[in-house]
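Examining the three-dimensional arrangement
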Amino acid sequence: MLSEKELGLYARQLGLRSWGPAVQEKLKKSKVFVAGAGGLGSPVLLYLASVGVGHLTVCDPDVVDISNLNRQILHAFNSIGVSKVDSAKRSIQQLNPLVDVRTLNERITDKNSMDVIGNCDLIVDCLDNFETRYVVNRVSVERRIPMVHAGVSGFGGQLTFLQPPETPCLACFMDIKDKEETNYIVGATAGFIGSLQALEAVKYLAGFGPSLKNRVLFWDGLTMKFDTMNVKRNPRCGVCGTA
Ligand SMILES: [Zn+2]
């Protein structure tokens with residue numbers, strides 16, 4: 001049963017066709033693991049909290065630096081020097097105190113990944129490096145936890161929904177050696193792609209389709225062009241392959 005407060009808080013989405021209390025209860029029971037509380041993690045966590053996802057785990061090893069503030073809108077000047085996960089929790093609870101927030105102030109590695117990610121319904125990849133993404137991808141494949149992947153740099157980014165074996169895994173179509181991410185970015189780029197990432201997460205948790213399964217969406221903010229590329233499982237993939 002939703003409380004009076006919840007009915008008020010979520011009123012403007014509860015009225016959507018095919019939403020209603022049943023979908024809201026589903027979101028309330030959902031557990032989402034968000035890897036990274038930076039440029040992508042900021043809009044993802046804020047929108048997942050505001051929509052009423054009941055259980056959020058935030059994992060990030062870093063502390064807030066002044067150079068983060070052009071894009072990482074979870075954090076403000078008074079959070080400089082504070083761990084990103086504590087700063088994130090504070091912002092999330094100001095926005096929606098009904099959400100349960102678990103924080104993990106650590107780097108995800110091959111050794112700890114299974115324990116750190118634990119049991120959740122969905123992983124959202126808001127990381128800034130492919131090494132850790134590959135570790136998280138492996139957990140997604142082995143535990144069969146779907147993952148919303150996104151990446152951004154400069155004025156653009158990409159996004160896809162991964163749920164092997166129904167879709168490829170990240171390693172099927174991205175080579176870790178090919179990817180060198182730059183640190184230079186316009187904040188609104190991360191805000192936009194992170195918002196789309198949150199929407200894909202909400203659609204999956206609520207049971208609305210279709211999603212970006214087997215498609216990668218590319219967006220260029222300079223030309224304002226969207227493009228999608230179909231992707232397939234690689235039977236020889238070192239992570240999810242069967243060959
Ligand atoms: Zn694969």
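For the structure, check the block above.
These lines cover the structure that appears in this document, whether it is placed above or below. Nothing here was measured: the structure is a model prediction, and the numbers come from that model.

Notes on the overall build of the protein chain
- If you tally the helices and strands in the protein chain, you get nine helices and eight strands.
- Against the 2.2 N^0.38 benchmark of 18 Å for 243 residues, the protein chain shows a C-alpha radius of gyration of 17 Å, consistent with a compact globule.
- In terms of its C-alpha atoms, the protein chain occupies a principal-axis envelope of roughly 55 × 40 × 40 Å.
- Within the protein chain, buried positions represent 42% of all 243 residues.

Comments concerning the pairing of strand β3 (residues 100-104)
- Inspection of the sheet shows strand β2 (residues 55-59) paired to β3 by five bridges, in the parallel sense. In the strand pairing of β3, His 55 is matched with Asp 100.
- Read from β2 through helix α5 (residues 84-95) to β3, the crossover connection turns out right-handed.

A few points about the nonpolar core
- Formed by 59 residues in total, the largest nonpolar core has its most connected members in Val 34, Ala 35, Leu 45, Leu 48, Leu 56, Val 124 and Ala 201.
- The leading source of residues in this core is helix α9 (residues 187-206), at eight residues.

Structural notes on the sheet that holds strand β5 (residues 147-153)
- Taken in spatial order, the eight strands of this open sheet run β3-β2-β1-β4-β5-β6-β7-β8, and their pairing is mixed. Each of the sheet's edge strands pairs with one partner strand only, and the pair in question is β3 and β8 (225-230). The average angle at which neighbouring strand axes cross in this sheet is 15 degrees, direction not considered.
- Sheet strands touched by α5: β2 and β3. Its angle to β3, the strand with the most contacts, is close to 170 degrees.
- Most of the contacts of helix α7 (residues 130-143) go to strand β4 (residues 122-125), to which it runs at about 165 degrees, and overall it touches β1 (31-35), β4, β5 and β6 (156-162).

Side note on the pairing of β4
- A two-sided burial pattern is seen for β4, the buried positions comprising Leu 122 and Val 124 on one face and Ile 123 and Asp 125 on the other.
- Sheet topology note: the β1/β4 ladder contains four bridges and is parallel. What sits directly across from Phe 33, in β4, is Ile 123.
- Of the strand pairs in this sheet, β4 and β5 are connected by three bridges, and their pairing is parallel. Note on β5: the bridge partner recorded for Val 124 is Val 148.
- In this view, the connection linking β4 to its parallel neighbour β5 by way of α7 has right-handed handedness.

Digging into helix α3 (residues 20-29)
- Those residues of α3 that sit buried are Val 23, Gln 24 and Leu 27. All buried residues of α3 lie within an arc of 100 degrees about the axis, which places them on one face of the element. In α3, those exposed residues whose orientation departs by more than 90 degrees from the buried face are Ala 22 and Lys 29.
- Tucked inside the fold, the buried residues of α3 contact α2 (11-14), α4 (41-51) and α9.

Examining α7
- Taking 1.5 Å per residue as the helical rise, α7 with its 14 residues ought to reach 20 Å, and the 20 Å between its terminal C-alpha atoms agrees with that figure.
- When we look at burial in α7, the residues that qualify are Phe 130, Arg 133, Val 135, Val 136, Asn 137, Val 139, Ser 140 and Val 141.
- Against β1, α6 (113-117), β4, β5, β6 and α8 (170-173) lie the buried residues of α7.
- A positive backbone phi angle near 55 degrees is found at Arg 144, which sits one or two residues after α7.

Quick look at the packing of α4 against α5
- Closest axis-to-axis distance for the α4/α5 pair is 9 Å, and the angle between their directions is 30 degrees. Judged by the angle between their axes, α4 and α5 are roughly parallel. Note on packing geometry: the crossing formed by α4 with α5 is right-handed. Across the interface between the two elements, Leu 45, Leu 46, Ala 49 and Ser 50 of α4 pack against Ala 88, Ile 92 and Leu 95 of α5.
- Tallied by class, residues from the contact of α4 with α5 come to six nonpolar, one polar and no charged.

Quick notes on unusual backbone geometry
- Look at the link from Pro 164 to Pro 165: it is a cis peptide, with omega at 10 degrees.
- Topologically, Pro 165 is positioned in the loop between β6 and α8.
- Not every positive phi belongs to a glycine, and Ser 18 is a case in point at roughly 70 degrees.
- When you line up the elements, Ser 18 lands in the loop between α2 and α3.
- Ser 18 gets classed as exposed once you count the C-beta atoms within 10 Å, which come to 9.
- Not every positive phi belongs to a glycine, and Met 224 is a case in point at roughly 55 degrees.
- Positionally, Met 224 belongs in the loop between β7 (215-220) and β8.

Thresholds applied
Residues numbered from 1 in each chain as written. Predicted model: local features only at pLDDT ≥ 70, side-chain atom pairs only at ≥ 80, totals over all residues. Helix = DSSP H or I, 4+ residues; strand = E, 2+ residues; numbered from the N terminus. Rg over C-alpha atoms; globule rule 2.2 N^0.38 Å. Buried ≥ 20, exposed ≤ 12 C-beta atoms within 10 Å, placed from the backbone. Pairing = 2+ DSSP bridges. Right-handed = clockwise from strand over helix to strand, strands pointing away. Core = buried A, V, L, I, M, F, W, Y, C linked by C-beta atoms within 7 Å. Axes fitted to C-alpha atoms, helices over the stretch in contact; angles between N-to-C directions. Contact = placed C-beta atoms within 7 Å. Arc of directions from axis to C-beta. Expected span 1.5 Å × (residues − 1). Parallel < 35°, antiparallel > 145°, perpendicular 65-115°, else oblique. Left-handed = near helix turned anticlockwise from the far one by under 90°. Nonpolar A, V, L, I, M, F, W, Y, C, P; charged D, E, K, R; others polar.

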